[in-house]
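Structural overview
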Amino acid sequence: MNNNWILILGAGSDIAIATAHKYAQNGCSIYLCSRNIKELKKEARNIEIRHEVNVDVIYFDALDYESHKEFYNDLPVKPKGVLLAFGLLGDQEAQQSQFELAKSVMDTNYVSAVSILEVVSQDFEKRKSGFIVGISSVAGDRGRSSNYIYGSSKAGLSTYLEGLQHRLCKSNVHVLIVKPGFVATKMTADMNLPDLLTAKPDEVSSAIYKGVEKKKNVIYVKSVWFFIMVLIKNIPKFIFKKTSL
Amino acid sequence: MWFPISLSLVDLMSKSRLSGWGGYPKLILDLINIRNEKHLKKIIPSIGNFITRGNGRSYGDSSLSSICVSNIQNNKILEFDNKTGVIRCESGILLSEIIEIFVPRGWFLKVTPGTKLVTVGGAIASDVHGKNHHKDGCFSTSLIQIRLMLSDGSIVNCSQQKHKELFLATCGGMGLTGVILEATFSLKSILSQNIMQTTIKTKNLHQTFDAFEKYADATYSVAWIDCLSKGDTMGRSLLMTGEFSDDGDLDYSSKKAVSVPFNFPSIMLNYFSVKLFNALYYFKAKQGVSHQNVGLDSFFFPLDSIDSWNRIYGRNGFVQYQFILPKKESLEGLTKILEKISDMGLGSFLAVLKLYGKENENYLSFPMEGYSLALDFKIQKGLFDFLKELDQIVLEYNGRIYLAKDSRVGKSVFEKGYPNIERFREFRKSQGMKEKFTSLQSERLGL
């Protein structure tokens, strides 16, 4: 059992599960971590049987910052890679009037990410190896009226990961920022997403795997999103303000 | 439209253009994707009547209803015993996934239909059979237990021992007893992914029947029959039998399928092109008896190597007509039907003849001891009247029509073929299934 474990935080998400399968298929053992352990146990067994690897399910609460150090120290084998996949979208309109809701988006997407990844980074830095994949969002590339609370928390995450990238590259630790664009998942289940712009969780996980192998810094899963975001970022403000994006 | 953010609890229901594999009928229907058991339990009281849909590989209208509930996302393997080969999995898993995972470990399905692109749930609902029916029966033979959600949202495990009536009604019950959530069944151990195939070329229907009898001990057998050939050569066939090899080669991976990229213009498929194809296919085989060593994909699933092969029948789709006649009456009945088909010139490339074994107890399972013939007909003028004439011959010889292939049979023809039909209907009524689980087919046939 040499260091072949992947730590997946927020393992309940469809992207997380698809990525777990991808790494298991390539011979890695997996820690699936989330608050909802019961559902994950089924998934863990599924991955174990399909790919003949070890899968452990571990309770992890992203919002319980105090617990993060102990959580990481208690892992029986330290991972060679970490996928940060938890996130909260929520209802922007409700968040505008109820600060508690807005706060939980920021806490989940940004604050808890910083909390756990600092713990992970220390270990990786010391070991001088490892990789970190953070699922951020194209929504963080420019603030828009329809989802700026979610968007700004992801912008924070992206900038944080960028900094981590800068710091850790000196220790041979790679950080990959993923901006998936539309993905057909539970989170977007009731949205009517255009097919051409929408990736399947499988495509995201393949892109992540390839991105790590090739040591990419930022990936947009469907490359069309890169161009869309370049466009959106460069719309002059006086025009941008008139749009309803 | 950018990131519309209202994660309401409304369940994903979207209008979709759906059909069975035959592409007829094709309708715009509501489709709900089930996320998990809890999700289904929550919505089952509030959505109207519906039918569960797997991979949409039944040919006709079995998996169509004004609301279709898809269970294809739930495909987890929950347990596997590598000593006994017993597997427990969610019903949305495809047989192809099971084959890809377990053939390299020396396990194969006890019973598989002619395509591996069906879900386990679909295989149970149609109680599918394969080339080894005469030896190993239907898919239900390998089943140990089914986990089913009933119309009131309660969950029941049923088997040959427990809730037997529910089990008999569910296997072959076309999804009309509940939503199949999970299944436990056993795989069979194999030593190789290769099949030793024997091809027997016959000159007419008599010889074909004799060959089936002569090779009755073969584990797998099926015949391709030239349904357009007349007179002395009527019923000429290539009977293919097979046994798993024991050469130890388990290095299986499924090949990428080539694709039919668009619907062929339906004119391409006509009397002459089919006749030419059939003649070439027949003459290409060696005279008498020959032996081949082939991979399991090409033996069991020849058509799966062509993605969307149903498109060769054009955009209007096709009907697969499959019936079975009791053994005693098979020769006479089949002769009559083949004469009718070759006279009309409504032939098909894919005419498959097979000798079946004993029938099981399930209320609506198709197989009985006798010969079954399956034919594809593209939708065209006069087809439905013609099929009605075939129905009458099938009835005359006490045969039955296969529901998993059907999109058009009439109620009276259908029910004469299935002696347990009233038990099935009574059971559905008494369990409140009739109001909850309905397909276009069940409504047409008053199931």
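Reading the values: rules and limits
Residues numbered from 1 in each chain as written. Chains lettered and ligands numbered in written order. Predicted model: local features only at pLDDT ≥ 70, side-chain atom pairs only at ≥ 80, totals over all residues. Axes fitted to C-alpha atoms, helices over the stretch in contact; angles between N-to-C directions. Helix = DSSP H or I, 4+ residues; strand = E, 2+ residues; numbered from the N terminus. Parallel < 35°, antiparallel > 145°, perpendicular 65-115°, else oblique. Contact = placed C-beta atoms within 7 Å. Nonpolar A, V, L, I, M, F, W, Y, C, P; charged D, E, K, R; others polar. Core = buried A, V, L, I, M, F, W, Y, C linked by C-beta atoms within 7 Å. Buried ≥ 20, exposed ≤ 12 C-beta atoms within 10 Å, placed from the backbone. Domains from an automatic or database assignment.

Moving on to the packing of helix H5 (residues 99-127) of chain A against helix H6 (residues 148-168) of chain A. All names here are of chain A. One way to put it is that H5 packs onto H6 with a least axis distance of 8 Å and a crossing angle of 10°. Relative to H6, the element H5 is oriented roughly parallel. In this structure, H5 contributes Ala-102, Val-105, Met-106, Asn-109, Tyr-110, Ala-113, Val-114, Leu-117, Ser-121, Phe-124 and Glu-125 to the contact, and H6 contributes Ile-149, Tyr-150, Ser-153, Lys-154, Gly-156, Leu-157, Tyr-160, Leu-164 and Leu-168. Looking at the contact of H5 with H6 residue by residue, the classes come out as 14 nonpolar, 4 polar and 2 charged.

Within the largest apolar cluster, 118 residues are counted, with the highest numbers of intra-cluster contacts made by B:Leu95, B:Ile124, B:Ile146, B:Ile180, B:Ala183, B:Ala351 and B:Leu373. Each of domain 1 (77-191) and domain 2 (194-414) of chain B accounts for three or more of the residues forming this core. Those residues in contact with B:Ala351 that lie beyond four places of it in its chain are B:Trp224, B:Ile225, B:Cys227, B:Leu373, B:Ala374 and B:Leu375. A:Leu7, A:Leu83, A:Val120 and A:Trp225 belong to the second largest nonpolar core, which has 64 residues in total.

Turning our eyes to something else, we now look at the domain arrangement of chain B. All names here are of chain B. Splitting chain B by domain gives domain 1 (77-191) and domain 2 (194-414). Of note, the centres of domain 1 and domain 2, computed from C-alpha atoms alone, are 24 Å apart. On the side of domain 2, 28 residues touch domain 1, which itself brings 29 residues to the contact. When contributions to the side of domain 1 that touches domain 2 are tallied by element, the ones reaching two or more residues are helix H2 (95-102), helix H4 (133-136) and helix H5 (164-170).

A word on unusual backbone geometry. Here B:Tyr24 and B:Pro25 are connected by a cis peptide whose omega angle stands at -5°. Here B:Pro25 is to be found in the loop between strand S1 (13-19) and strand S2 (26-33).

Our focus in this paragraph is the environment of A:Ile37. Residues and elements named next belong to chain A. Mapping Ile-37 onto the fold places it in helix H2 (residues 37-51). Between the C-alpha atoms of Ile-37 and Ala-11, which are 26 residues apart in sequence, the distance is 9.4 Å. The contact partners of Ile-37, leaving out residues within four places of it in the chain, are Val-57 and Tyr-59.

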